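One letter stands for each residue in the lines below.
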Amino acid sequence: MINQTIVRQDARKNGVTVTDDEVNKRMDKIKQELRGLYDDVLRQSGMTDPQYREQVRYTIMAEKIVQKTRPIKDDDLNMMSVRVVL
């Protein structure tokens with residue numbers, strides 16, 4: 001809950017929003033990847049669908065904040081490819 005409050009404050013500060021359509025698209029992708037096991041995963045985690053949707057919303061929001069405040073640069077990608085080779 002504290003993390004969500006911090007993310008929400010940071011999003012407001014940086015003008016970041018997440019639409020229902022973005023959440024729906026991410027949820028569709030997750031359900032596709034789980035191949036029919038979505039309900040089982042929810043049951044095991046003790047979460048409801050609305051709770052999980054809110055978690056997905058905050059994940060997308062956090063991703064957008066990072067992209068806006070610390071975008072990936074070419075030098076970052078070059079360093080990553082060097083590390084992978086090593």
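Residues numbered from 1 in each chain as written. Predicted model: local features only at pLDDT ≥ 70, side-chain atom pairs only at ≥ 80, totals over all residues. Heavy atoms only, no water.

Colleague: Teacher, can you tell me more about the packing of helix H1 (residues 2-14) against helix H4 (residues 49-69) here?
Modeller: When two helices pack together, their arrangement is captured by the angle between the axes and the distance separating the axes. Orientation of H1 relative to H4, taken along the N-to-C sense of each, is 45°, at an axis distance of 10 Å. When the axes of H1 and H4 are compared, the pair comes out oblique. For the pair H1 and H4, the sense of crossing is left-handed. On the side of H1, the interface is formed by Gln 4, Val 7, Arg 8, Asp 10, Ala 11 and Asn 14, while H4 contributes Tyr 58, Met 61, Ala 62, Ile 65, Lys 68 and Thr 69. (Axes fitted to C-alpha atoms, helices over the stretch in contact; angles between N-to-C directions. Helix = DSSP H or I, 4+ residues; strand = E, 2+ residues; numbered from the N terminus. Parallel < 35°, antiparallel > 145°, perpendicular 65-115°, else oblique. Left-handed = near helix turned anticlockwise from the far one by under 90°. Contact = heavy atoms within 4.5 Å.)

Colleague: I tried to follow the pattern of salt bridges on my own but got confused; where do I start?
Modeller: Pairs may arise between side chains of opposite charge once their charged atoms sit close together. A complete count under the given rule lists eight salt bridges for this structure. A salt bridge links Lys 25 to Asp 21; the shortest N-O distance between them is 3.5 Å. Linking Lys 25 with Asp 21, this pair stays in helix H2 (residues 20-34), spanning four residues, or about one helical turn. On the basis of relative accessibility, which here comes to 55%, the residue Lys 25 falls in the exposed class. You can call Asp 21 partly exposed: its relative accessible area is 45%. The shortest N-O distance in the salt bridge between Glu 22 and Lys 64 comes to 2.8 Å. Here Glu 22, found in helix H2, pairs with Lys 64, found in helix H4; they are 42 residues apart in sequence, far enough to count as distant. Judged by its relative accessible area of 24%, Lys 64 is partly exposed. (Salt bridge = Lys/Arg side-chain N within 4 Å of Asp/Glu carboxyl O. Buried < 20%, exposed > 50% of the residue type's maximum accessible area, 1.4 Å probe, protein only.)

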